[in-house]
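Given next are the chains, with one letter for each unit.
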Amino acid sequence: MRHRAAAALAVSCALALTACGGSDDGSARLSVGAAYMPQPVSDLAAGFLTITNDGDAADRLTAVSSDVAGQVTVHETVDGSMREVESLDIPAHGSLVLESGGNHLMFEQLKRKPKQGQKVSVELRFAHSDPVTVEVPVKPATYRPTTGH
Ligand SMILES: [Cu+2]
C-alpha cells in the first residue's frame, strides 16, 4: 500500500482499485494545473506548470516526454542560469511550481514548432505515482500568467 498512488487525473481512478477515495494511506495524490508553453521562437521550447500534491507522501517528478520533442528535460534556474536536474521534489500537501524564471521543462529536438492556440501533449512521470498526461496550451511567446502571489 505504501506506494500505491492515485494521480488525480482521470484514468488512474479506474485502474487503481484501492487508491481512490482515501488520502490517508501514505501516498501522493497529484494534480496538474496552470500549464502552458510560450510559442517557441527557436528550436527550443519551454514549458511551465504546477503539480499539486494533496496526499500524505512526497513524490518526485522524474521524467517528461512529449509528442513534439525528441527530448524533454527538467531544468532549475540558479542565479539566473539554468541547469538540468534528475528530478524535482513534490512535497506532501504541497506543490511543485514550474514558472518563468524558475524551474521549467525544456523541449529539445522539436519535431514541429507549436503555434499559439495549439496544444502539446506532455507525459509526466513520477517516482511513485502513475504517469499523468497533460494537454499543454501554447500561448504567445511573451505570455505571462497572472499569479496569485
Ligand atoms: Cu532550461
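All residue numbers refer to position in the chain's written sequence, counted from 1. Predicted model: local features are reported for residues with pLDDT of at least 70 only, side-chain atom pairs are reported and counted for 80 or more only, and whole-chain, interface and lining totals are derived from all residues. The side-chain numbers reported here are obtained from all heavy atoms of the structure, hydrogens and water having been left aside.

## Section: the overall build of the protein chain
For clarity, the threshold we go by: Comment: elements are numbered from the N terminus, with helices defined as DSSP H or I runs of at least four residues and strands as E runs of at least two. Buried residues are those whose accessible area, probed at 1.4 Å on protein chains only, stays under 20% of the maximum for their type, while exposed residues exceed 50% and partly exposed ones sit between those limits. Contacts between residues were defined by any pair of non-hydrogen atoms, one from each residue, lying within 4.5 Å.
On a plain count of helices and strands, the protein chain comes out with one helix and ten strands. In sequence order, the secondary structure elements of the protein chain are arranged as α-β-β-β-β-β-β-β-β-β-β. Across the 149 residues of the protein chain, 40% fall into the buried class. For the protein chain, the share of sequence-separated contacts (at least 6 apart) that also reach a separation of at least 24 residues comes to 67%.

## What about unusual backbone geometry?
Positive phi outside glycine occurs at Ala 34, with the angle close to 55°. Position of Ala 34 among the secondary structure elements: in strand β1 (residues 30-38). The exposure class assigned to Ala 34 is exposed, which follows from its relative accessible area of 58%. Backbone geometry places Gln 109, a non-glycine residue, at a positive phi of 55°. By secondary structure assignment, the location of Gln 109 is in strand β8 (residues 104-110).

## Let's talk about the pattern of salt bridges
How we decide: Here, a salt bridge means any Lys or Arg side-chain nitrogen found within 4 Å of an Asp or Glu carboxyl oxygen.
For the coordinates displayed, the defined rule picks out two salt bridges. Here Arg 83 ties to Glu 76 by a salt bridge, and the two come within 2.8 Å at their closest N and O atoms. Its relative accessible area of 18% is what places Glu 76 among the buried residues. A salt bridge links Arg 125 to Glu 123, with the shortest nitrogen-to-oxygen separation between them at 2.3 Å. Arg 125 gets classed as partly exposed once you look at its relative accessible area, which sits at 30%. When its relative accessible area of 27% is taken as the criterion, Glu 123 is described as partly exposed.

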